[in-house]
Amino acid sequence: MIKSTLLFTVFLTLAFVAPHNSNAQGTKTSDQQAMIKALEWQEAHPIYAMAPTDWTNGAYYTGVVQAHKTTNDEVYLAALKNMGWQNDWQTAPRFYHADDIAIAYSYLYVNGKRKDLVDLKPTEKFLDKHLFESNQWTDGSDAERSILWWWCDALFMAPPVIVEYALLKKDDKYLDAMHKYYKQTYDLLYNKDEHLFARDTRFVWKGNSEDLREENGKKIFWSRGNGWVIAGLALILNDMPEDYKHRNFYLDLYKEMAVKIKQLQQQDGLWRTSLLSPESYDHGEVSGSGFFTFALAWGINKGILDKVVYTPVVQKAWTALRASQHEDGRVGWVQNIGASPEPASADSWQNFGTGAFLLAGSEMLKLEK
Amino acid sequence: MIKSTLLFTVFLTLAFVAPHNSNAQGTKTSDQQAMIKALEWQEAHPIYAMAPTDWTNGAYYTGVVQAHKTTNDEVYLAALKNMGWQNDWQTAPRFYHADDIAIAYSYLYVNGKRKDLVDLKPTEKFLDKHLFESNQWTDGSDAERSILWWWCDALFMAPPVIVEYALLKKDDKYLDAMHKYYKQTYDLLYNKDEHLFARDTRFVWKGNSEDLREENGKKIFWSRGNGWVIAGLALILNDMPEDYKHRNFYLDLYKEMAVKIKQLQQQDGLWRTSLLSPESYDHGEVSGSGFFTFALAWGINKGILDKVVYTPVVQKAWTALRASQHEDGRVGWVQNIGASPEPASADSWQNFGTGAFLLAGSEMLKLEK
Amino acid sequence: MIKSTLLFTVFLTLAFVAPHNSNAQGTKTSDQQAMIKALEWQEAHPIYAMAPTDWTNGAYYTGVVQAHKTTNDEVYLAALKNMGWQNDWQTAPRFYHADDIAIAYSYLYVNGKRKDLVDLKPTEKFLDKHLFESNQWTDGSDAERSILWWWCDALFMAPPVIVEYALLKKDDKYLDAMHKYYKQTYDLLYNKDEHLFARDTRFVWKGNSEDLREENGKKIFWSRGNGWVIAGLALILNDMPEDYKHRNFYLDLYKEMAVKIKQLQQQDGLWRTSLLSPESYDHGEVSGSGFFTFALAWGINKGILDKVVYTPVVQKAWTALRASQHEDGRVGWVQNIGASPEPASADSWQNFGTGAFLLAGSEMLKLEK
């Protein structure tokens, strides 16, 4: 009798304590709790490179948008509105720089949720200048930059915003401009053998002795860089009109990259920061892995990728992503701001890593629904 | 021996875990902890309809003011000062709209706590325009709005601010103007049979086939709407000079409504969102219930309501309000922004719901002291 | 079998719960966690006297700077950048008032961590006016204030900022001006018998019947006031060039005060708010104690103070400081804003108390490394 009382008491104790354990896995509820804890920790630890309107916040809040879309939980929308209000719905200041419009993805989303709240004039001004006026990267005045989106991260920063804005304006001229610039980046940085993007021209593999290489001699393809691209493709394809004339270009690129990304997943479910040289920094990195998980799970949910083949990939990845989260909500194992493979640690975090986690979770919640 | 050690260990474990359980009830300490957790959760989740100066924050921070008055805990005053500073002590922008002055209740309170910190010019400008200049709702230019405070929520938003401002200025002209407008609202919306306010003229019961009704045919009297009124009355009466000529009007109205509100409490201690049709959405709703609990407990503490009769009412209500709070501090079961009865859920929250919780708690702490 | 399972289960439960206990002591890891919890609680409870640019935040974020220097943990730097951005890198407004430049200590630190982010113009403008233009306290227009830094707190607020700015500008004129004003304060307020500073001229002991005294007749030397001075000396000496001509003045003063401060430590490891009359308010006070612990531990780590003699002092103090922290991270037992000894309580907190805690921790982490 005492024993069974004891057992019962211990059971109650554990049951009571359990909700604190954000790592308890295996249920949608637990996934939702983990995502909210990630949001809450990140909101309590604001961080950015140059300003709260910059690309780091842009990527983070893009994850918050998708989490709200999937769950309809007010905590996400409240965070988005609060951020937008505090930013006075401004973009970052450099109209020639794709990074500086990423934050507007969130403004456009909030605008669709509540009329008369969002001021879209800064977004409009930025896009009109960015897409239709020449600047230092398109007019030839910068000797090293010959195209607008000269680094692959840009394909996440601007195009998904442009798609949303084109939908709002019901004007394909934005999509056409986007396609022009996207194609330039593709032509410059996409490696058609590897089906991966070089981060920028420094990393374009030419097969000669001047190529940048990992210390072991292997080609350098950056995990987060390719994460930006394929996650951006999922965002673009999700909302681009089915009948848009260049849609298949994006769809084909997405499918081709997805096959390759699947192949590069490591045994623990995560990707290494140097995709073709996993041994360089032999631990999972969460920002790239989160973007990949999001992109692949999106493809399964849309019926674009084979469910039987890809579901084990994303489930393994999501389990590992969940394990990267600390008890208090912090998402660790995120490579710091950079432009090429560098190591991470259990404690390293950035807001865009939390964004990648939320993006992944927002599609994982839809699996098997 | 082992058994007793085990029992002791389990006891220790539970004792240790206990402070995490915000729902542990029955003591003033536990109530204070629950209130601080509510504040802290809300501060970590800023939300508003249009701006941080709007009525939603106004109602929330009115609860924070009362919590500080009762407990003198620095966490409340710090939150008030921080909010005021971030808002630059501005009201919301529409001088004709009672909602847009609600936030000034907090500014006036902070001003009484710390000289030379608060800028009261925006409050002064608003009130002078609101009360003494004609506008679109009083000059006849809006065909549907013939009085300044044409919806019952307004009786919470503006009058308590006006009472505080009149005290500061030592000038009854503010009280006289308030009374003029308050009486107009009373004449337009108060149902002298039901002793409840219609939310606005759409809900005024005329006894004909054009009356808006619940699906079951019953009259529509909104819980939160009447919560705004009677909580506003408690705030007004608390600080209105004892010798003010129209004071008895407010006192009589308060007492009359209190009797009715008591009758409408449901078995679980909470009120339904449609007061006269509890079956429409048969679950407790926390914003209305919080305002009622605050108002009734205030009346007990002031000796206006019969202690023996009303104490069980508010204790039952407060127990249920406490149970609506999540482990992490979130106050749930709050109907979203609206203008008539709609359902809530365990997860639904808004800052004004947290405000209602704090208002209720601030008077419950004084009971039996 | 059941028994051992039970024991194991209970063990697991306790092990699981343990990380919640911020008071678990004795390891660097535990100290780091306690510091991060202090930061996180303070960030979630912003407070200041007049503005987020004021001396209270200045002192708090000086603690955050030192915590980042020691741990290199991104959470500290993120908090500093966020604060600076929100403050638009402004000082408080009174260029004649040392309090109003304290916040710039953090701006200068962030500027050293990330180029092109911090706007140092407001700091530059303030210091040029503060040090090189006459004002109401130096031109004779204020009958009661004959020197720039007429209260001892000022020796924490401005001098460490000036040292950092002098290093940045590589210009000794800032150090020379600082020394001129520092020496005036020393001459006015330092008691060469007691080796302590009077808070201001009201408390300068003249040995006659008009001296302000504690109720028991003893001299009034304020703990936090002297904490400001000796913590300021540690900050000054840490970065002042080894070959600066007046360096020995600061070093000698530091050593002389350290001996006295050590003697005044009480049995529980903390200092009383009235240093020479511990019985006036016979409980530890955390802001003064935190500054003393920081200053003494710094001296040990720099090899200025005898390790064998002073290590037990700071270890005892740090253990007591850790015990003043609440489960949720709040640092209690902090005397409120004031200018002379007043009591504190387990619940009383201020941001500068958290700053003192972080300062102490940042040096304690270096001990015995």
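Above this text you will find the structure in question.
Conventions and cut-offs
- Every chain is numbered independently, its residues counted from 1 as its sequence is written.
- As they are written, the chains are lettered A onward and the ligands numbered 1 onward, keeping that order.
- In keeping with the predicted nature of the model, local features appear solely for residues at pLDDT of at least 70, side-chain atom pairs appear and are counted solely at 80 or more, and the whole-chain, interface and lining totals rest on all residues.
- Excluded from the side-chain calculation are hydrogens and water; included are all heavy atoms of the structure.
- Each helix corresponds to a stretch of at least 4 residues labelled H or I by DSSP, and each strand to a stretch of at least 2 residues labelled E; elements are numbered beginning at the N terminus.
- Note that the radius of gyration is over C-alpha atoms, with the globule rule given as 2.2 Å times the number of residues to the power 0.38.
- The contact criterion used is simple: two residues touch if any of their non-hydrogen atoms lie within 4.5 Å.
- The charge count treats Lys and Arg as positive and Asp and Glu as negative. His and the chain ends do not count.
- Lysine's charge is taken at NZ, arginine's at CZ, aspartate's at CG and glutamate's at CD.
- Only centres within 6.5 Å qualify two rings of Phe, Tyr or Trp (six-membered ring in Trp) as a pair; their planes then separate them into stacked at under 30 degrees, edge-to-face at over 60, and tilted for everything else.
- Here's how the labels work: a residue is buried when its accessible area is under 20% of the maximum for its type, exposed when over 50%, partly exposed in between, all with a 1.4 Å probe on protein chains only.
- Whether a charge lies above a ring is judged from NZ of Lys or CZ of Arg, which has to be within 6 Å of the ring centre and within 35 degrees of the ring normal.
- All axes are obtained by fitting lines to C-alpha atoms, using only the stretch in contact for helices, and the reported angles, taken between N-to-C directions, cover 0 to 180 degrees.
- When describing relative orientation, an angle under 35 degrees is termed roughly parallel and one over 145 degrees roughly antiparallel, while 65 to 115 degrees is termed roughly perpendicular and anything else oblique.
- Each helix crossing is assigned a hand: it is left-handed if the near helix lies turned anticlockwise from the far helix by less than a right angle, otherwise right-handed if that turn is clockwise.
- Each residue gets one label: Ala, Val, Leu, Ile, Met, Phe, Trp, Tyr, Cys and Pro are nonpolar, Asp, Glu, Lys and Arg are charged, and the others, such as Gly, are polar.
- Expected span of a helix, by definition, is 1.5 Å for each gap between consecutive residues, and there is one gap fewer than residues.

**Q** What am I meant to see in the overall build of chain A here?
**A** Across its full length, chain A holds 14 helices and 2 strands. Computed over its C-alpha atoms, the radius of gyration of chain A comes to 21 Å, within 12% of the 21 Å expected for a compact globule of 369 residues. Sequence separation of at least 24 residues holds for 71% of the intrachain contacts in chain A that already meet a minimum separation of 6. Computing the positive centroid from 39 side-chain charges and the negative centroid from 46, chain A places the two 4 Å apart.

**Q** Help me understand the packing of aromatic side chains in this model?
**A** A ring pair, where both rings are aromatic, is described by two values, the distance of the centres and the angle of the planes. A full pass over the atoms with the stated rule returns 84 aromatic pairs over all chains. Measuring from ring centre to ring centre gives 6.1 Å for Phe95(B) and Tyr96(B), while their planes differ by 85°; the resulting arrangement is edge-to-face. On the basis of relative accessibility, which here comes to 17%, the residue Tyr96(B) falls in the buried class. Measuring from centroid to centroid gives 4.9 Å for Phe156(B) and Trp228(B), while their planes differ by 55°, and the two rings are tilted. Here Phe156(B), found in helix α7 (residues 154-157), pairs with Trp228(B), found in helix α10 (residues 223-239); they are 72 residues apart in sequence, far enough to count as distant. For Phe156(B), a relative accessible area of 3% puts it in the buried group. On the accessibility criterion, Trp228(B) (0% relative accessible area) is buried. Among the aromatic residues, those joined into a cluster by ring pairs are Tyr182(A), Tyr186(A), Tyr190(A), Phe197(A), Phe249(A) and Tyr250(A). One Lys or Arg, Arg145(B), reaches over the ring of Trp150(B) and ends 3.5 Å from the middle of that ring.

**Q** Would you take a moment to explain the packing of helix α6 (residues 121-132) of chain C against helix α8 (residues 159-169) of chain C for this structure?
**A** Angle between the axes and distance between the axes: these two values describe a pair of packed helices. Residues and elements named next belong to chain C. Close contact between α6 and α8 brings their axes to 12 Å; oriented N to C, the two are set at 110°. Between α6 and α8, the angle is such that the two are roughly perpendicular. Handedness of the α6/α8 crossing: left-handed. Contacts between α6 and α8 involve Thr123, Glu124, Leu127 and Leu131 on the former and, on the latter, Val161, Ile162, Tyr165 and Lys169. Its residues assigned to classes, the contact of α6 with α8 shows 5 nonpolar, 1 polar and 2 charged.

**Q** Which parts of the structure should I look at to understand helix α2 (residues 28-43) of chain B?
**A** Residues lying three or four places apart along an α-helix face the same way, a consequence of the helix completing one turn every 3.6 residues. For α2(B), built from 16 residues, the straight-helix expectation of 22 Å at 1.5 Å per residue is met to within 8% by its first-to-last C-alpha distance of 22 Å. Among the residues making up α2(B), those that are buried are Ser30(B), Asp31(B), Ala34(B), Met35(B), Ile36(B), Ala38(B), Leu39(B), Trp41(B) and Gln42(B). Contacts made by the buried residues of α2(B) are with α2 (28-44) and α4 (74-86) of chain A together with α3 (55-71), α4 (74-86), α13 (307-323) and α14 (351-364) of chain B.

**Q** Teacher, can you tell me more about the environment of Gln86(A) here?
**A** Position of Gln86(A) among the secondary structure elements: in helix α4. C-alpha of Gln86(A) to C-alpha of Thr53(A): the two residues are 33 residues apart in sequence and 9.7 Å apart in space.

**Q** Can you help me understand the packing of helix α12 (residues 286-301) of chain B against α13(B) in this one?
**A** Residues and elements named next belong to chain B. With their axes 9 Å apart at the nearest point, α12 and α13 run at an angle of 150° to one another. Handedness of the crossing formed by α12 with α13: left-handed. On α13, the residues touching Val286, Ser289, Gly290, Thr293, Leu296, Ala297 and Ile300 of α12 are Lys307, Tyr310, Thr311, Val313, Val314, Ala317, Trp318 and Leu321. Looking at side-chain class alone, the contact of α12 with α13 contains 10 nonpolar, 4 polar and 1 charged residues.

**Q** Please clarify how the environment of Ser134(C) should be interpreted in this entry.
**A** Residues and elements named next belong to chain C. Structurally, serine 134 is set in the loop between α6 and α7 (154-157). Using a relative accessible area of 55% as the deciding quantity, one classes serine 134 as exposed. The sequence separation of serine 134 and serine 324 amounts to 190 residues, and the corresponding C-alpha distance is 43 Å.

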